[in-house]
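What follows is the residue order along each chain.
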Amino acid sequence: MTDEKFPPANNFPAGYVPPKVWTWEPGNGGAFASINRPTSGAQTEKPLPVGKHPLQLYSLATPNGQKVSILLEELLAAGHTGAEYDAWLIKIGDGDQFGSGFVDVNPNSKIPALMDHAPKDGGQPIRLFESASIMTYLAEKFGAFVPSETRARAETLNWLFWQMGSAPFLGGGFGHFYAYAPIKIQYAIDRYAMEVKRQLDVLDRQLANNQFIAGSDYTIADMAIWPWYGKIVLGQAYGDAGTFLDAASYKNVLRWTNEIGARPAVKRGSMVNKSFGELSEQLHERHDASDFDTKTQDKIAQSTQTTA
Ligand SMILES: N[C@@H](CCC(=O)N[C@@H](CS)C(=O)NCC(=O)O)C(=O)O
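These figures come from a predicted structure and were not determined experimentally.

Student: I'd like to hear about the packing of aromatic side chains, residue by residue, with values.
Tutor: Going through the model one piece at a time under the given rule, you end up with 10 aromatic pairs. Between Trp162 and Tyr229, the ring centres sit 5.3 Å apart and the planes meet at 45°, which makes this aromatic pair tilted. Taken together, the positions of Trp162 in helix H4 (residues 150-180) and Tyr229 in helix H6 (residues 220-233) put the pair 67 residues apart, joining distant regions of the chain. Exposure remark for Trp162: the relative accessible area of 16% places this residue in the buried category. Note on Tyr229: relative accessible area 0%, which makes it buried. Ring centres of Phe177 and Tyr192 lie 5.9 Å apart, and the angle between their planes is 5°; on these two criteria the pair is classed as stacked. With Phe177 in helix H4 and Tyr192 in helix H5 (residues 186-208), this pair connects stretches of sequence that are 15 residues apart. Looking at Phe177, the relative accessible area reads 23%, which means it is partly exposed.

Dropping the structure here:
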């Protein structure tokens, strides 16, 4: 496709003209090149483990994964014992999401995925994928963190779906081109930086007059937005992106981020299925509330040293 206004010599790489039909060339060198494919479906035969609790979470502590483990920890903290769960680590860098068992739970091969073995109707287990679908299902099942009153509920779901629509521009757009792409392309970085700053401004204005994102209640919308936009304003995502975006200047987002981050359930939920960062914050699998005290990677390393 050529256009006189846009000569191929100005393209990147110079002279590039998109072919009539695109074909896949494996390994473009970018981060995640080894797992990205233009096809879906299982690549290996690999059943998933099933633990003793009603809910089985298959995940990794990326922002999308943390949303769900934070909600599960909040439900347990609020006394909903039916929210007990086993959390199994899905190493997306190793391709676990393409195992047959995982694909049966999520045909889209992305974490997080959840099986409910004790659905309310007493029937067969229910599979859940897409973080907002999982969160809505759990909030409805336990009647918590989503208001029942029509207007408050509508506002909560507005912001939950705002997050689902917006974060791909932050992660797949800005984060990818600023931090992960093998080359820095100014056009792409400028475009997505502008959009992310616009999104931060949307949140900042909303949080100027509201304690929580959907008003006076702490809801699944806060839990969905926090792992993405909280990490940005704290400067904990995509290298030095916090400085690049002047993210700390969004004072209301920062105030809300710190308030949510101080919640014990949020701290615990953020550690679940974490296999990177500080060893004391890595809980690869979670099967019991006591695991946070005894099974983090620093404790496991200590006990291995003692027994060696
Ligand atoms: N819209 C999905 C996005 C899930 C998603 O993108 N998960 C990523 C990690 S944050 C993943 O599993 N990537 C593995 C892959 O792309 O193969 C959701 O919210 O659940």
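Student: Before we move on, could you go through the site of the ligand and cite the residues and values that matter?
Tutor: As a structural note, the neighbourhood of the ligand is formed by 14 residues, with Gln97, Lys110, Ile111, Glu130 and Ser131 the closest of them. A distance of 2.8 Å separates an oxygen atom of the ligand from a polar atom in the side chain of Gln97. Take Ser131: an N or O atom from its side chain is 2.6 Å from an oxygen atom of the ligand. Across the complex, the protein chains shield 80% of the 520 Å² of accessible surface that the ligand would expose by itself. Of the residues in the shell around the ligand, the class split is six nonpolar, five polar and three charged.

Student: Which residues make up the environment of Gly82, and what values go with them?
Tutor: Mapped onto the fold, Gly82 is located in the loop between helix H1 (63-77) and strand S2 (85-89). The sequence separation of Gly82 and Asn106 amounts to 24 residues, and the corresponding C-alpha distance is 23 Å. Once residues lying within four places of it in the same chain are set aside, the contact partners of Gly82 are Pro54, Leu55 and Phe142.

Rules of the game
Residues numbered from 1 in each chain as written. Predicted model: local features only at pLDDT ≥ 70, side-chain atom pairs only at ≥ 80, totals over all residues. Heavy atoms only, no water. Phe/Tyr/Trp six-rings, centres within 6.5 Å; stacked < 30°, edge-to-face > 60°. Helix = DSSP H or I, 4+ residues; strand = E, 2+ residues; numbered from the N terminus. Buried < 20%, exposed > 50% of the residue type's maximum accessible area, 1.4 Å probe, protein only. Near = heavy atom within 4 Å. Polar contact = N/O pair within 3.5 Å; in protein donor to acceptor, adjacent residues only side chain to side chain. Areas by Shrake-Rupley, 256 points an atom, 1.4 Å probe, with all protein chains shown as cover. Nonpolar A, V, L, I, M, F, W, Y, C, P; charged D, E, K, R; others polar. Contact = heavy atoms within 4.5 Å.

Limitation: the analysis is restricted to geometry and does not speak to function.
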